[in-house]
Amino acid sequence: MAKFGMFLCLLTQVFAGGAWGVDLELFGPKAKHDIVDMERLKKLVAPETITVWEPHEKADVTYVGFRANALFDAMNEKEWRKIEDVVLTCVDGYQAVIPTARFLKHDAFLAFERQGSGEFMVTNTLQGNERVPLGPFYLIWDNREKPDVKAEGAHGWPYQVKSVSFLNAVDRFPKIAPPKGSPPPVKRGFVAFQKNCFSCHAVNGDGGNKSIDLVAPFSPVEYWREDWLKRWIVNPAELRPTTTMPALSVSGKEGERLAADIIAYLKAMVRVRGVKK
């Protein structure tokens, strides 16, 4: 136990100091795959210092990082602007799916240092004041003078980012696409899954891996009553207060319809399980 404790302590220090590797892995556009180290990143785009209203600490914090749009442009000559979403994968398997339009509308930065602190960490007041390592990279948004961005809170602020994908979802994760000719509820459910579930859950092995795969080897639609599953999707804490799964961004009738669409999508994926490659 003593050795294990020492290992955890060392691991935390490595994360906190930003030494957990500073390479950034890139996927796309098309078949492109690249791993860029810090030296090359700094040659592509000069780092900037930016002060933001840190939603996890509810205070102003200054970071050092790369302006996302400029870095993405330098990496692939603006081809990334033609896709629908940018997918950022984190060390723990969390995958943040952020619309490309948001990057084009607001200024984002891939931070790698917290100025004035020897530790690249944040105190997450949203989760019991937990001290969270941020490296290798932390996506932040210029929000101090932008009420609409500030109002979004920590949404779209993934930390421990290790890779960025410039591929449309179906190209990056072909196993999550619903069968051709699927009815409208299934198609709507596919869109809703990407926006609400994809960050933590996979379908047939494609997607986030913080939680269970929602299709393989078995799907919740096969062993949960549909009415309870719908309630769980809309607001998990209503059924299990200690859960870390967040509620849908909408509630009431709209939330119920969205949950029904997600269930329809999962049922369609179960029917083709083992067929899609």
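Scroll up to find the structure.
Reference entry: report on the structure contained in this document. (Residues numbered from 1 in each chain as written. Predicted model: local features only at pLDDT ≥ 70, side-chain atom pairs only at ≥ 80, totals over all residues. Heavy atoms only, no water.)

1. Considering the overall build of the protein chain
Move 1: On a plain count of helices and strands, the protein chain comes out with eleven helices and 13 strands.
Move 2: On C-alpha atoms alone, the protein chain measures out to a radius of gyration of 20 Å, which is about the 19 Å that the 2.2 N^0.38 rule sets for 277 residues.
Move 3: Overall size of the protein chain, expressed as C-alpha extent along the three principal axes, is 50 × 45 × 45 Å.
Move 4: Intrachain contacts of the protein chain at a sequence separation of at least 6 include 62% that bridge at least 24 residues.
Move 5: Averaging the positions of the 37 positive and the 33 negative side-chain charges in the protein chain gives two centres separated by 5 Å. (Helix = DSSP H or I, 4+ residues; strand = E, 2+ residues; numbered from the N terminus. Rg over C-alpha atoms; globule rule 2.2 N^0.38 Å. Contact = heavy atoms within 4.5 Å. Lys, Arg positive; Asp, Glu negative; His and termini not counted. Charge placed at Lys NZ, Arg CZ, Asp CG, Glu CD.)

2. Side note on the sheet that holds strand β1 (residues 24-27)
Move 1: Taken together, the five strands give an open sheet; going across it, the order is β2-β1-β11-β5-β6, and neighbouring strands pair in mixed fashion. Both outer strands of the open sheet, β2 (33-36) and β6 (95-99), are each paired with one neighbouring strand and no more. Across the sheet, the mean angle from the axis of one strand to that of its neighbour is 20°, orientation sign disregarded.
Move 2: As paired elements, strand β5 (residues 85-90) and strand β11 (residues 161-165) share four bridges and run antiparallel to each other. Each residue of the ladder has a partner; that of cysteine 90, found in β11, is valine 161. (Pairing = 2+ DSSP bridges. Axes fitted to C-alpha atoms, helices over the stretch in contact; angles between N-to-C directions.)

3. Quick word on the packing of aromatic side chains
Move 1: Enumeration according to the criterion identifies 15 aromatic pairs in this entry.
Move 2: Between tyrosine 63 and tyrosine 138, the aromatic rings sit 5.5 Å apart at their centres with planes inclined by 80°, giving edge-to-face as the arrangement. Taken together, the residues tyrosine 63 in strand β4 (residues 59-67) and tyrosine 138 in strand β10 (residues 138-141) connect sequence positions 75 residues apart.
Move 3: By relative accessible area, which is 0% here, tyrosine 63 ends up buried.
Move 4: Of the residues examined, tyrosine 138 reaches a relative accessible area of 0% and is grouped as buried.
Move 5: Linked through ring pairs, Tyr63, Phe120, Tyr138, Trp157 and Tyr159 together constitute an aromatic cluster. (Phe/Tyr/Trp six-rings, centres within 6.5 Å; stacked < 30°, edge-to-face > 60°. Buried < 20%, exposed > 50% of the residue type's maximum accessible area, 1.4 Å probe, protein only.)

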